[in-house]
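Now for the letters of each chain:
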Amino acid sequence: MKGHAKDDPSTRLARGSDTLASGLAVAFLALLAGFISLPLISLVVWTVDKGAWRAMASPVAVDALLLSVKTTAMTMAILLLAGTPAAYVLARVDFRGSRVINTLIDIPVVLPPSAAGIALLLSFGRLGLVGQYLNVFGITLSFTTAAVVIAEIFVAAPFYVRQAATGFGAVDRAVEEAAMVDGAGHWRRFFRVTVPLALPALVAGALTAWARALGEFGATIIFAGSFRGVTQTIPLAILAEFQRDLDAAVALSVLVLGFAFAVILAVRYLTARSTGDRA
Amino acid sequence: MSAEGEGISGHRRVRLYLFAAMLVSGVTLAGIVGCGGVSGREAGDGGRPQGGTLTVLAASSLIDAFGVLANRFEEQNPGVKVRQSFESSSTLLAQIQQGAPADVFASAAEEEMNTAVEDGLVKGEPEVFVKNREIVMVPKNNPANIRRFEDVAKPDVKLVLAGKDVPAADYALQILGEAKGEYGAGFEKEVLSNVVSRESDVRASVNRVVVGDADATFGYASDYTPDIRDKVKVVQIPPDFNIVATYPIAALKDAKSPGLAKKWVEMVTSEEGQRVLQKWNFESAA
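As the structure is a prediction and not an experimental result, all values here were calculated from the model.

So, how was this worked out
- Going along each chain's sequence as written, the residues are numbered from 1 onward.
- Going through the entries in the order they are written, you letter the chains from A and number the ligands from 1.
- Residue-level local features of this predicted model are given only where pLDDT is at least 70; pairs of side-chain atoms are given and counted only at 80 or more, and the full residue set underlies all totals for whole chains, interfaces and linings.
- Note: side-chain values were computed over all heavy atoms of the structure, leaving out hydrogens and water.
- Here, nonpolar core means buried Ala, Val, Leu, Ile, Met, Phe, Trp, Tyr and Cys residues that are tied together by side-chain atoms lying within 4.5 Å of each other.
- Only protein chains enter the accessibility calculation, which uses a 1.4 Å probe. A residue is then buried if its area is under 20% of the maximum for its type, exposed if over 50%, and partly exposed in between.
- Should any heavy atoms of two residues lie within 4.5 Å, those residues are counted as being in contact.
- Put simply, DSSP H or I for four residues or longer makes a helix, DSSP E for two residues or longer makes a strand, and each gets a number counted from the N terminus.
- We define a salt bridge as a contact between a side-chain nitrogen of Lys or Arg and a carboxyl oxygen of Asp or Glu at a distance within 4 Å.
- Confidence scores here are pLDDT values: one per residue, from the predictor, ranging 0 to 100.
- An expected span of 1.5 Å times one less than the residue number is assigned to each helix.
- Summarising the geometry, the arc corresponds to the directions from the helix axis toward the C-beta atoms.
- Working definition: a ring pair exists when centres of Phe, Tyr or Trp rings (six-membered ring for Trp) sit within 6.5 Å. Plane angles under 30 degrees give stacked, over 60 give edge-to-face, the rest tilted.
- A patch consists of residues exposed above 30% relative accessible area that lack any salt bridge, with like charges linked at up to 9 Å and nonpolar side chains (Val, Leu, Ile, Met, Phe, Trp, Tyr) linked at up to 5 Å.
- In these tables, accessible area is a Shrake-Rupley quantity obtained with a 1.4 Å probe, and a residue counts as shielded only by the protein chains included in the view.

### A short note on the nonpolar core
If you look at the biggest cluster of nonpolar residues, it comprises 73 residues, and the most contacted ones within it are Leu62, Phe66, Phe129, Phe149 and Trp264 of chain B. Those residues in contact with Phe149 of chain B, other than ones at most four positions away along the chain, are Val136, Ile175, Leu176, Ala179, Tyr183, Phe187, Phe218, Val235, Gln236, Ile237, Pro238 and Phe241 of chain B. With 20 residues, the next largest nonpolar core counts Met76, Ala87, Ala156 and Phe168 of chain A among its residues.

### Some remarks on the environment of Ala57 of chain A
With respect to the element layout, Ala57 of chain A can be found in the loop between α1 (9-49) and α2 (59-92). Along the sequence, Ala57 of chain A and Ala184 of chain A sit 127 residues apart, while their C-alpha atoms lie 52 Å from each other.

### Let's talk about the pattern of salt bridges
Residue and element names in this part refer to chain B. Summed over all chains, the structure comprises 12 salt bridges over all chains. With its nearest N and O atoms 3.2 Å apart, the salt bridge here joins Arg72 to Glu272. Separated by 200 residues along the polypeptide, Arg72 in helix α2 (residues 63-76) and Glu272 in helix α9 (residues 271-279) bring together distant segments of the chain. With a relative accessible area of 23%, Glu272 lands in the partly exposed category. Where Glu188 meets Lys180, a salt bridge forms, and the shortest distance between an N and an O atom there is 3.4 Å. One salt-bridge network, in which partners are shared between bridges, spans Asp64, Arg203 and Asp223.

### Regarding the confidence of the model for chain A
When pLDDT is averaged across chain A, the result is 87; 93% of the residues are at 70 or more. When mean pLDDT is compared element by element in chain A, helix α6 (residues 145-170) of chain A scores highest at 95, while helix α11 (residues 246-278) of chain A scores lowest at 78.

### Brief notes about helix α8 (residues 258-269) of chain B
Residue and element names in this part refer to chain B. With 12 residues, α8 ought to run about 16 Å at 1.5 Å a step, and its terminal C-alpha atoms sit 17 Å apart, in line with that. For α8, the full list of buried residues reads Leu260, Ala261, Trp264, Val265, Met267 and Val268. Within α8, the buried residues cover an arc of 160° as seen down the axis, which keeps them to one side.

### Description of the packing of aromatic side chains
Residue and element names in this part refer to chain B. Evaluated as defined, the whole model comprises 19 aromatic pairs over all chains. Judged by centre distance (6.0 Å) and plane angle (35°), the rings of Phe66 and Phe129 are tilted. Note that Phe66 is positioned in helix α2 and Phe129 in strand β4 (residues 122-139), a separation of 63 residues in sequence. Take Phe66: its relative accessible area is 0%, and that puts it in the buried class. The class of Phe129 is buried, set by a relative accessible area of 1%. Seen in terms of ring centroids, Phe149 and Tyr183 are 6.2 Å apart; in terms of plane orientation they differ by 50°. Their pairing is tilted. Of this pair, Phe149 sits in the loop between β4 and β5 (159-162) while Tyr183 sits in helix α5 (residues 167-183), and the two are 34 residues apart along the sequence. Judged by relative accessible area, Phe149 falls into the buried class, the value being 2%. Pairwise contacts between aromatic rings join Phe66, Phe73, Phe129, Tyr171, Tyr220, Tyr247, Trp264 and Phe282 into one cluster.

### As for a nonpolar patch on the surface
All names here are of chain A. Together, Leu29, Leu32, Phe35, Ile36 and Leu40 make up a nonpolar patch on the protein surface, roughly 520 Å² of accessible area in all. The topology assignment puts Leu29 in helix α1. Accessibility expressed as a relative area gives 57% for Leu29, which makes it exposed.

### Examining the environment of Lys233 of chain B
All names here are of chain B. The residue Lys233 is located in strand β8 (residues 232-236) in this model. Residues Lys233 and Val136, 97 residues apart in the sequence, show an inter-C-alpha distance of 8.5 Å. The contacts of Lys233, once residues within four sequence positions are left out, are Val136, Met137, Val138, Pro139, Lys140 and Asn142.

Shown next, in the form of structure tokens:
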């Protein structure tokens, strides 16, 4: 029986089902591509059709874009400064409770942002667990740009820390140790050896986190509120405009779409380059 | 991230992934088809007197009163399900303009309803069913010490308003415009400079006061609901320049359940409906 496997009808059947399976997979891929591009095309078509371009230069749109750029930049600065060492510890040090910390860090990813907003409000709001003490010192976070940054850090941090930790974990310890033998200090070794080797992962993680911070909506509107130029980032401005002027909401959506597209292209480019370097 | 184990029965793994992907797609598709099927059935039932689903889009200030009315409606019409969505009237109008499936629209202002009528979205004449008075609400501990209406103009009051074009906020602005005569030309500007957030609807702005982050907000008398009375205090707006909102209701032209829509409007305007609405601080329209 086994000698004649090639002519076995069941093998032929299996080969047939393979073709069918790959055909189906291609069809699903096409379906997915169409499903994702259709809404994007609709946005652009509407913008062109109704001349909604002009709304992109409206004060609301400009303020929202500037605020989004400002808050996401602050978020990223804090994330890179604090998240990078945190990710390194997470990747390299096996301490007691590291698994708990690992799980904890992923929670904001699965938590709906609106729930995160409520949680932040109850922590840092004026009567919140921490906020009531801040309030004693005259610090109120609600309705400030700082609240927007806090919300963005909360939802975006896991994306950076997770990818950075994976990147650090993939760096060969032998290379690091060789640098130590060559007389490099801890700092020098970290910045000259470890970071460059993990750079593709750090950059990719940073860009994902940035995109996530840029899209942050639920936590911001609940925790920070919505006010032009102070807490109204692009996603919040889209909702506010949707309530009064659909064209303006569409224009803002196209604006943020262009931005997201640029981020994805950058990630693609960097990933392609880093894999090219390794080969 | 890692590409380990590529050689290990790669083909088999690919097939496993493929299978998983197809399973997920299949389940998703089934889910989508299932959801579509439900709405299709609703459409079919609409014509019959028994059963069916009534979809009501109502201004967010109506959430409590309409919740009670929905229960009664379902009791009185066995088999009928009432689905309600509460947003600011301007959001609801935008949704209706975009073709959201709905049977009844209850607006917190004439303006949104008029637009709906002009756009040919409404069936028949809208009916004003209640009135609602604007009030100022402050947290119980009143951190900004707002005792009278004019105190909202004091410096450093954290004032929250509903968003632009949300009726409750529009009325607040009208009131401030009117109050200039009483408190001087700078009054309106001083109050507006105290605004720290524009919320998506009036209930969201009231909740800012409930959690104690805002010092004051403008809302409707009906927003001072029993469940927030231990956290919030009311500061009355002088009747000389207060504005009384009128709420129109109408069945929609594209209603899937036109019979139920008519019944709902009748119930809301009936004596029984008015009694429920009065319980939530609405004033009868009659």
